[in-house]
Amino acid sequence: MILDTHLMTQAAQAVGAIGLLGTGLGVVLGVAARYLSAPVDDRAEAVAALLPGSNCAQCGFAGCKQAAAAIVDGRAAPNCCPPGGVSTAQRVAELIGVRLAVDGSDAALPTVAWVDEERCIGCTRCIRKCASDAIVGAVKQMHTVLPEACYACGLCEAECPTKAIVMKPVLPTLATWHWPKPATPHRMAVN
């Protein structure tokens, strides 16, 4: 009985020592995390939330979060995301405080995939390539694209063996339409 009491006392002391050591290290790590942490730029998360999230790599970066970090750092332009289009570029530019000039070359309408029913053979290659699950169909059946889910990455168009998928521009809505800049008149020389 005396041996059992002695062992219980030692076990209680060991558990207490480990508990105190864990508590002390937890306090030290908490203080270190608070005072030694690097500042986080919340703008990159906000820009990533504005981007479509397709991670299609058309912008030259691996994903939308990497593109957002590059936009905030100034390594990429706010209009580097082709699936986002002009409206996304303008919202990103407003968020990071940059003025974005929209001229005729940058004002191209965003596109979505479209399936030509006569050429589709139902091979499902496009469905396997679509990262956003925007293509609906079955084996040996005609496929269709849900335009609201399409990120316009173009991977399905490249994968289609019959060239039944083409990228077509999305008709402008109130959210995507922009007033065109007026043409500058050419001054004529007066002699």
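Cut-off values and rules
- Going along each chain's sequence as written, the residues are numbered from 1 onward.
- Only residues with pLDDT of at least 70 are given local features in this predicted model, and only at 80 or more are side-chain atom pairs given and counted; all residues enter the totals for whole chains, interfaces and linings.
- Where side-chain values are given, they derive from all heavy atoms of the structure, hydrogens and water being excluded.
- Axes, fitted as lines to C-alpha atoms, cover a helix only where it is in contact. Angles between the N-to-C directions of the axes lie from 0 to 180 degrees.
- Numbering of helices and strands runs from the N terminus, with a helix taken as a DSSP run of H or I at least four residues long and a strand as a DSSP run of E at least two residues long.
- Reported orientations rely on four angle classes, namely roughly parallel under 35 degrees, roughly antiparallel over 145, roughly perpendicular from 65 to 115, and oblique for the rest.
- Note: crossing handedness is left-handed where the near helix turns anticlockwise from the far helix by less than a right angle, and right-handed where it turns clockwise.
- Note on contacts: a residue pair is in contact if any heavy atoms of the two residues lie within 4.5 Å.
- Residue polarity follows a fixed list, in which Ala, Val, Leu, Ile, Met, Phe, Trp, Tyr, Cys and Pro are nonpolar, Asp, Glu, Lys and Arg are charged, and the others, Gly among them, are polar.
- For our purposes a nonpolar core is just a set of buried Ala, Val, Leu, Ile, Met, Phe, Trp, Tyr and Cys residues, chained together by side-chain atoms within 4.5 Å.
- Classification of residues uses two cut-offs on accessible area relative to the type maximum, computed with a 1.4 Å probe and protein chains only: under 20% is buried, over 50% is exposed, and between them is partly exposed.

1. Here we look at the packing of helix 2 (residues 42–50) against helix 3 (residues 64–73)
Phase 1: Look at helix 2 against helix 3: their axes get within 8 Å of each other, and the N-to-C directions meet at 130 degrees. Accordingly, the angle class assigned to the pair helix 2 and helix 3 is oblique. Seen from above, helix 2 lies across helix 3 with right-handed handedness. Only C64, K65, A68, A69, I71 and V72 of helix 3 make contact with helix 2, whose side of the interface consists of R43, A44, E45, V47 and A48.

2. Points about the packing of helix 2 against helix 4 (residues 85–96)
Helices that pack against each other are described as a pair by the angle of their axes relative to one another and the distance between those axes.
Phase 1: For the pair helix 2 and helix 4, interaxial distance at closest approach is 10 Å and the crossing angle is 165 degrees. Between helix 2 and helix 4, the angle is such that the two are roughly antiparallel. When you trace helix 2 past helix 4, the crossing you get is right-handed. Within the contact between the two elements, helix 2 uses R43, A46, V47 and L50 and helix 4 uses T88, R91, V92, L95 and I96.
Phase 2: Considered class by class, the residues forming the contact of helix 2 with helix 4 number six nonpolar, one polar and two charged.

3. Things to note about the nonpolar core
Phase 1: Counting 15 residues, the largest nonpolar core has V47, L51 and I71 as the members making the most contacts within it.
Phase 2: Element by element, the count of residues in this core is highest for helix 3, at six residues.
Phase 3: Excluding its chain neighbours within four sequence positions, the residues that come into contact with I71 are V47, A76, A77, P78, C80, V92 and I96.
Phase 4: Counting 14 residues, the second largest nonpolar core, distinct from the first, contains V115, C126, A134 and I165.

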